[in-house]
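Letter by letter, the chains look like this.
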Amino acid sequence: MNKIILITGATSGIGLACARKFAENGDKLILTGRNENRLTEISSELTEKGTDVLTLVFDVRDRRQATECIRGLPAQWQQIDVLVNNAGLALGLEPEYEGSFDDWETMIDTNIKGLLTMTRLVVPGMVERGRGHVINVGSVAGDAAYAGGNVYCATKAAVKALSDGLRIDVANTPIRVTNLKPGLVETNFSNVRFHGDNDRAANVYKGIQPLTGDDIADVAVFAANAPAHVQIAEVLILATHQASGSVIVRK
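Residues numbered from 1 in each chain as written. Predicted model: local features only at pLDDT ≥ 70, side-chain atom pairs only at ≥ 80, totals over all residues. Heavy atoms only, no water.

(A) Spatial organisation of the overall build of the protein chain. Along the protein chain, the regular secondary structure elements total 8 helices and 7 strands. Relative to the globule expectation of 18 Å for 251 residues, the C-alpha radius of gyration of the protein chain, 17 Å, shows essentially globular dimensions. Taken over the C-alpha atoms alone, the protein chain extends approximately 50 × 40 × 35 Å along its principal axes. The proportion of buried residues among the 251 residues of the protein chain is 50%. Long-range contacts, defined as pairs at least 24 residues apart, comprise 71% of the intrachain contacts of the protein chain with a sequence gap of at least 6. Total accessible area on the protein chain stands at roughly 12000 Å², and carbon and sulfur atoms take up 50% of it. A distance of 4 Å separates the average location of the 25 positive side-chain charges in the protein chain from that of its 29 negative side-chain charges. (Helix = DSSP H or I, 4+ residues; strand = E, 2+ residues; numbered from the N terminus. Rg over C-alpha atoms; globule rule 2.2 N^0.38 Å. Buried < 20%, exposed > 50% of the residue type's maximum accessible area, 1.4 Å probe, protein only. Contact = heavy atoms within 4.5 Å. Areas by Shrake-Rupley, 256 points an atom, 1.4 Å probe, with all protein chains shown as cover. Lys, Arg positive; Asp, Glu negative; His and termini not counted. Charge placed at Lys NZ, Arg CZ, Asp CG, Glu CD.)

And the structure:
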């Protein structure tokens, strides 16, 4: 049976890779993001290949906007089977005592509060219908802090705690909860972190073959299609020469 998959932050990186992989799987897609032009382009690309796509333009930090979009879904799109809480970002790599208040607020509002907003809006319907799956995109950074990671690492540690907490809360239902924890993934992640400094971003992946968005999307699709009695609770996905958030062997 085709599922309805809602993916936040679907205009680039892991979110876009998930959209393409779930489309290949024959699922219907609700794609959200802030960039209306990119959503339109992606929708056209996938629709041409036979995928049913609905796009919603909003920022997960805006609870009012998110609520209006989710509660205003057309009837045929309301029964969401899988929520992929992917929208998230890192900003800056300064010591905690020199960090930017604005960067902190953006990370906390997106990575934690945005994820909570989407969970609160979507999961009650899953519980009512007796089926559903929440896939949160966390990070290896949520396991242990690394130099300069401070607030970003804290937000991803929160994603782990929120995933674990939700899994406990829905343990008496058929709802499944998965926390994906990628390591180095070469997307526009580092460009965003360094506010568009492409040279600095490129150095993050120098000397190692990093993961791709497709690698993470493959795991998401696998988890979503596991047998109903199987819950892939947490997956740490690292490049072969990355041992942890801070141990990376470069050649």
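(B) Structural view of the side chain of S43. Note on placement: S43 falls in helix α2 (residues 36-48). Every residue in contact with S43, bar those within four places of it in the chain, is listed here: V53 and T55.

(C) Local environment of unusual backbone geometry. Despite not being glycine, H195 has its phi angle at roughly 55°, a positive value. One can find H195 in the loop between α6 (189-193) and α7 (198-204). Note on H195: relative accessible area 55%, which makes it exposed.

(D) Expanded view of the sheet that holds strand β6 (residues 176-182). Reading across the sheet, the 7 strands line up as β3-β2-β1-β4-β5-β6-β7 and stay open at both edges, with parallel pairing between neighbours. Here the strands that pair on one side only, and so sit at the sheet edges, are β3 (53-57) and β7 (234-237). Neighbour to neighbour, the strand axes of the sheet diverge by 15° on average, direction disregarded. In the sheet, strand β5 (residues 133-137) pairs with β6 via 5 bridges, with the strands oriented parallel. What sits directly across from N136, in β6, is N179. Each of β2 (28-33) and β3 is contacted by α2, which is oriented at about 175° to β3, the strand it contacts most. (Pairing = 2+ DSSP bridges. Axes fitted to C-alpha atoms, helices over the stretch in contact; angles between N-to-C directions.)

(E) Main features of the packing of helix α1 (residues 13-24) against α2. Where α1 contacts α2, the two axes come as close as 11 Å, and the packing angle between them is 20°. Taken together, the axes of α1 and α2 are roughly parallel relative to one another. Considering how the two elements wind past one another, α1 and α2 form a crossing that is right-handed. Across from L16, A19, R20 and A23 in α1, the residues of α2 making contact are R38, I42, E45 and L46. (Parallel < 35°, antiparallel > 145°, perpendicular 65-115°, else oblique. Left-handed = near helix turned anticlockwise from the far one by under 90°.)

(F) The environment of I30, seen in detail. Within the secondary structure layout, I30 lies in strand β2. With residues up to four places along the chain from it excluded, the contact list for I30 reads I4, I5, L6, I7, L54, L56, L73, W77 and I80.

(G) Highlighting the environment of R61. Relative to the assigned elements, R61 resides in the loop between β3 and α3 (63-71). Measuring from C-alpha to C-alpha, the distance between R61 and I80 comes to 21 Å, with 19 residues separating the pair along the chain. When near neighbours in sequence (up to four residues on either side) are disregarded, R61 contacts R34, T106, D109 and T110.

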